[in-house]
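Tertiary structure, described
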Amino acid sequence: MPRLHLHLLSDSTGETLEMIAKAALAQFEETDIQRHFWPMVRSRQHLDRIVPDLAANPGLVLFTLVNAETRTRLEEHCRTLGLPAVPVLDAVTEALETQLGQAAHGRPGRQHSMDDAYFKRVEAIHYTIAHDDGIAYEDWEDADIILAGVSRSSKTPTSIYLANRGYKVANIPLVVESPPPDLLFRLRRPMVVGLTTAPERLVQVRRNRLLTIADGQESTYVDAERVAEEVRFARRMFADNAWPVIDVTRRSIEETAAAVIKLYNEREAREIPPVVGPKPI
């Protein structure tokens, strides 16, 4: 199994760099990757403290450093140590500079600045946490998206992921014996999306859940026929209300969220703004 020391250096939180590295590494199998993560590298002094680890664990260096002096010093260290150093955002930044006809600002952490989008994201996260698992349904009209599905159909993690993208999301578990509040069927503003999954997969997920809470009891929660009935119940509700449905059986949380966002954007594009005219006399 190939082994690689992967050094990730960022002048901000490093979130972008980690996502790029993760996406690229997903294309390779049976590898032993030793990550060395270095966020908030904004000075020569900080960089110099990292160099001994680079020397002790030679490998590939990926970086997102916008300060010219810090970049140059890192590249010099890497040349001395014989290590490949890749500025992962340079090609995209240069292409944007060419197309936009202006130079990039070169300000560390600029994507994390506290602008309107930042505060919208914080508000969305607060809303989503406060409206998990059917809580505070009286405020659902304020949501952008409502996720509905049976227990363990990835509603909560998908909601949190969407909230981090700036969407206010509430979610509701669908239980055969306990119908959801009537308000769910009268919502006008939010888009309701049904999440479904294969019953066999759902049984497996629920069994794993019981193991994590040290509950080994057999119950209807993991009974195959009962679970299949729950899934049919949810699917009938989705169909009766013409809600869009996403099958999460083979989807990651990120893929499910991307599908939800696509549905939301398509819905927004179809919305026709009201005609503003003179008030009737």
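First things first, this report covers the structure right here in the doc. On a predicted model such as this, the values are computed, not experimentally measured, just so you know. (Residues numbered from 1 in each chain as written. Predicted model: local features only at pLDDT ≥ 70, side-chain atom pairs only at ≥ 80, totals over all residues. Heavy atoms only, no water.)

The secondary structure content of the protein amounts to nine helices and eight strands. The C-alpha radius of gyration of the protein comes to 24 Å, more than 25% above the 19 Å expected for a compact globule of 281 residues. With the principal axes as the frame, the protein shows a C-alpha extent of 70 × 70 × 30 Å. The buried share of the protein, taken over its 281 residues, is 36%. Split by element, the accessible area of the protein, about 17300 Å² in all, is 54% carbon and sulfur. (Helix = DSSP H or I, 4+ residues; strand = E, 2+ residues; numbered from the N terminus. Rg over C-alpha atoms; globule rule 2.2 N^0.38 Å. Buried < 20%, exposed > 50% of the residue type's maximum accessible area, 1.4 Å probe, protein only. Areas by Shrake-Rupley, 256 points an atom, 1.4 Å probe, with all protein chains shown as cover.)

A few words on the pairing of strand E3 (residues 60-64). With four of its five residues buried, E3 lies for the most part within the structure. Note: strand E1 (residues 3-10) against E3, five bridges, orientation parallel. Across the sheet, Ser-10 pairs through a bridge with Thr-64, a residue of E3. Judged from the three bridges that link them, E3 and strand E4 (residues 85-87) form a sheet pairing that is parallel. Among the inter-strand pairings, Phe-63 is bridged to a residue of E4, identified as Pro-87. Assessed by its sense of winding, the connection that carries the chain from E3 through helix H3 (residues 68-81) to E4 is right-handed. (Pairing = 2+ DSSP bridges. Right-handed = clockwise from strand over helix to strand, strands pointing away.)

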